[in-house]
Amino acid sequence: MSDSAMSFETPEQVQLINSQIDEFLKQEVKPLEEEYPQFLGEDGERNMVDDDHHLVDEYLELRERIHEKSVEAGFYTMAMPERVGGGGLSALEDTLVMEHLHNRDPNGYHDMIFDRLSVDHSIIPLYDDEYQREEYFEPVMNAEKHMTFGLTEPEHGSDPTWMDSTAEKDGDEWVINGTKAFISNSVEADFIMVHARTSGEDGDADGISTFLVDKDNPGWEDGKVQRSMGTKQGAQAFNHFNDCRVPEAQMVGDEGEGFRTAMTWVGAGRLHIPAKAVGISQWMFEKCVEYAEDRKTFGEPIGSRQHIQDLLVEMRVTIEQVRWLYRHAAWKMDQGEEYRWLQSAAKLQGANLWCDAADNAIQIHGGAGYMKSLPFEGLYRDGRVTRIYEGSDEIQKRTIARQFLNL
Ligand SMILES: Cc1cc2nc3c(=O)[nH]c(=O)nc-3n(C[C@H](O)[C@H](O)[C@H](O)COP(=O)(O)OP(=O)(O)OC[C@H]3O[C@@H](n4cnc5c(N)ncnc54)[C@H](O)[C@@H]3O)c2cc1C
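Cut-offs applied
- Residues numbered from 1 in each chain as written.
- Predicted model: local features only at pLDDT ≥ 70, side-chain atom pairs only at ≥ 80, totals over all residues.
- Heavy atoms only, no water.
- UniProt positions renumbered as here; feature names shortened; annotations may be inferred.
- Helix = DSSP H or I, 4+ residues; strand = E, 2+ residues; numbered from the N terminus.
- Rg over C-alpha atoms; globule rule 2.2 N^0.38 Å.
- Buried < 20%, exposed > 50% of the residue type's maximum accessible area, 1.4 Å probe, protein only.
- Contact = heavy atoms within 4.5 Å.
- Areas by Shrake-Rupley, 256 points an atom, 1.4 Å probe, with all protein chains shown as cover.
- Lys, Arg positive; Asp, Glu negative; His and termini not counted.
- Charge placed at Lys NZ, Arg CZ, Asp CG, Glu CD.
- Patch = residues over 30% accessible without salt bridge, like charges linked within 9 Å, V, L, I, M, F, W, Y side chains within 5 Å.
- Salt bridge = Lys/Arg side-chain N within 4 Å of Asp/Glu carboxyl O.
- Pairing = 2+ DSSP bridges.
- Near = heavy atom within 4 Å.
- Polar contact = N/O pair within 3.5 Å; in protein donor to acceptor, adjacent residues only side chain to side chain.
- Domains from an automatic or database assignment.
- Buried area = accessible area lost by both parts, 1.4 Å probe.
- Nonpolar A, V, L, I, M, F, W, Y, C, P; charged D, E, K, R; others polar.

- If you look the protein up in an unreviewed UniProt entry, it shows as Acyl-CoA dehydrogenase family protein from Natrinema soli.
- Turning to the protein, the UniProt annotation filed under Cofactor (unreviewed entry) states: "FAD".
- Taken verbatim from the UniProt record of the protein, the Sequence similarities (unreviewed entry) comment is "Belongs to the acyl-CoA dehydrogenase family."

The structure is reproduced here in structure tokens:
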């Protein structure tokens, strides 16, 4: 086999990382699950936020403690390139680790060992600028600072190149005006990477620039926290920029290149979704099999009924399909081959797998599946957003159709 042949085995390096993660979770995260039980179980979501729907201090403190441990253990930045001080995992390795990490009971703090909203390839351009490296990039890599990413606006989500936010030059400063919507973790973030048009017309990908704005900038005002169906994504909020002044040094990369930066961020995230979906759906499937074997109605296990077998078979087959689809897309990405339509296909199918698997799991567990004492209703709510963000189902289909239609 040549180096570039796709292997169906999990690479040894990934097996090693996965076992190190398991050990880390046992030694470092489990004790914190015991110390902070209030954010787990039936009341977990209720305890995470205060009356204004802001994450409470204890929850933020817990998250920081896990981040610090993850930085020390070398997990936190392992998906970033070695050139910028990361662990240098390939796209395939990174996604395999994601699948493994999420193939467990969701009622735990395992997903806090990463902060993929902050530590993401979109911050790489910051490394190449000495000031931005010291002030923003390195603190993010050390989990001392957290960022948020502002692209979507109330009037423009799927079509960000039509954004209304603008930035105009005034002396050696840029003045940003506009409103962003659904911005995850923006209430707690130390800074935002915000996108605004600096030239060009509606629909032009060029002419959108990216700026770093600190939380204490008087021109950046937190708007209303938007309450949502799931909470695992962190709170989303409106963010208003009113004559928000930033020095030239806080423009990321070149003027007018911001949309390309944004697409780098969205691109990497798209493969995390199917990898997570496979991990968590496999876990739900195994719980469903156990339940179908144990639960009896009319004197027989429900798993002996074809209707229930049908639900289980659909889960099992789709998990396998998405597993190989996302791995193929990641492998293509690593080979430097065209991967975009496969990535869109994996994201589309992964998001739907997560939603359908959670729905089947609720159905198989009957009334118990609908209750908060089991994790399926929470997974159903958390999974639903994956069909909307990082490019909705319809936007993925648009990308895939463009692969074969010359219209
Ligand atoms: C929980 C959550 C967290 C988020 N976090 C962030 C964040 O941190 N930062 C950020 O910038 N954004 C974030 N978003 C925003 C997210 O990226 C947008 O919601 C998404 O891009 C869709 O945009 P929209 O909501 O404006 O829907 P719209 O673009 O208005 O779309 C509405 C519907 O029309 C469909 N549609 C749109 N265009 C087409 C088309 N050409 N063909 C066919 N159908 C079409 C869409 O698929 C959708 O079904 C978040 C959203 C959520 C829900």
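## Some words on the overall build of the protein
Thought 1: When helices and strands are tallied, the protein shows 11 helices and 10 strands.
Thought 2: In summary, the protein has a C-alpha radius of gyration of 22 Å against a globular reference of 22 Å for 407 residues, a match within 12%.
Thought 3: Projecting the C-alpha coordinates of the protein onto the three principal axes gives extents of approximately 80 × 50 × 40 Å.
Thought 4: Looking at the protein as a whole, 50% of its 407 residues qualify as buried.
Thought 5: Considering only intrachain contacts with a sequence separation of at least 6, the fraction spanning at least 24 residues in the protein is 72%.
Thought 6: When the accessible surface of the protein is totalled, it reaches about 19,500 Å², and 47% of it is carbon and sulfur.
Thought 7: Looking at the protein, you have 39 positive and 77 negative side-chain charges, and the mean spots of the two groups are 6 Å apart.

## Re the environment of Leu 40
Thought 1: For Leu 40, the position within the fold is in the loop between helix H1 (12–35) and helix H2 (44–48).
Thought 2: Along the backbone, Leu 40 and Gly 178 are 138 residues apart, and their C-alpha atoms lie at a distance of 37 Å.
Thought 3: In this structure Leu 40 touches Glu 33, Asn 107, Gly 108 and Tyr 109, once residues within four positions along its chain are discounted.

## Structural notes on a negative patch on the surface
Thought 1: Judged by side-chain charge, Asp 50, Asp 51, Asp 52, Asp 57, Glu 58 and Glu 61 come together as a negatively charged surface patch.
Thought 2: Of note, Glu 58 is situated in helix H3 (residues 57–73).
Thought 3: By relative accessible area, which is 42% here, Glu 58 ends up partly exposed.

## A short note on the pairing of strand S2 (residues 166–170)
Thought 1: With 5 bridges connecting them, S2 and strand S3 (residues 173–184) associate as antiparallel partners. Paired with Lys 169 across the bridge in S3 is Trp 174.
Thought 2: Turn length for the S2-S3 hairpin, with the two strands adjacent in sequence and antiparallel, is 2 residues, and the turn residue Gly 171 shows positive phi of about 65 degrees.

## Description of the pattern of salt bridges
A side chain with one charge can pair with a side chain of the opposite charge if their charged atoms come near.
Thought 1: Here the structure, examined in full by the defined rule, presents 25 salt bridges.
Thought 2: Ionic pairing is found between Lys 26 and Glu 23, a salt bridge with its closest N-O pair at 3.9 Å. Of this pair, Lys 26 and Glu 23 are both found in helix H1, 3 residues apart, which corresponds to roughly one turn of the helix.
Thought 3: Through salt bridges with shared partners, a single network forms among Glu 99, Arg 316, Glu 320, Arg 323 and Arg 327.

## Focus on the site of the ligand
Thought 1: Residues in contact with the ligand amount to 15 residues; listed here are only the nearest, Phe 149, Thr 152, Ser 158, Ser 392 and Glu 394.
Thought 2: Separating an oxygen atom of the ligand from a backbone N or O atom of Leu 151 is a distance of 2.9 Å.
Thought 3: Here a nitrogen atom of the ligand and a backbone polar atom of Phe 182 are 3.0 Å apart.
Thought 4: Contact with the protein chains removes 64% of the 970 Å² of surface that the ligand exposes when unbound.
Thought 5: Contributing elements (two or more residues each) for the shell around the ligand: S3 and helix H11 (393–404).
Thought 6: Residue contributions to the shell around the ligand peak at 3 residues, all from S3.
Thought 7: Here the shell around the ligand gathers at least three residues from each of two domains, domain 2 (147–256) and domain 3 (260–404).

## Considering the side chain of Ser 70
Thought 1: Assignment of secondary structure puts Ser 70 in helix H3.
Thought 2: Polar contacts involving the side chain of Ser 70 include one to the main-chain carbonyl oxygen of Ile 113, which spans 2.7 Å.
Thought 3: Filtering out sequence-adjacent residues up to four positions away, Ser 70 remains in contact with Phe 24, Phe 75, Tyr 76 and Ile 113.

## Structural notes on the UniProt feature "domain: Acyl-CoA dehydrogenase/oxidase N-terminal" (unreviewed entry) in the protein
Thought 1: Listed under "domain: Acyl-CoA dehydrogenase/oxidase N-terminal" (unreviewed entry) in the UniProt record, and renumbered for this structure, are residues 61–141.
Thought 2: Helix and strand shares over residues 61–141 are 49% and 0% respectively, and the end C-alpha atoms of the span are 18 Å apart.

## A short note on the domain arrangement of the protein
Thought 1: Considered domain by domain, the protein is made up of domain 1 (12–141), domain 2 (147–256) and domain 3 (260–404).
Thought 2: On a C-alpha basis, the centroid separation for the pair domain 2 and domain 3 is 31 Å.
Thought 3: The interface of domain 2 with domain 3 comprises 12 residues on the first partner and 11 residues on the second.
Thought 4: At the boundary of domain 2 with domain 3, total buried surface from both sides reaches about 1,000 Å², with 63% on carbon and sulfur atoms.
Thought 5: Linking domain 2 to domain 3 there are 1 salt bridge.
Thought 6: Note that Arg 260 and Asp 206 form a salt bridge whose closest N and O atoms lie 2.8 Å from each other.
Thought 7: Across the domain 2-domain 3 interface, the total number found is 2 residue pairs in polar contact (both at pLDDT 80 or more).
Thought 8: For the side of domain 2 that touches domain 3, the per-class residue count stands at 4 nonpolar, 6 polar and 2 charged.

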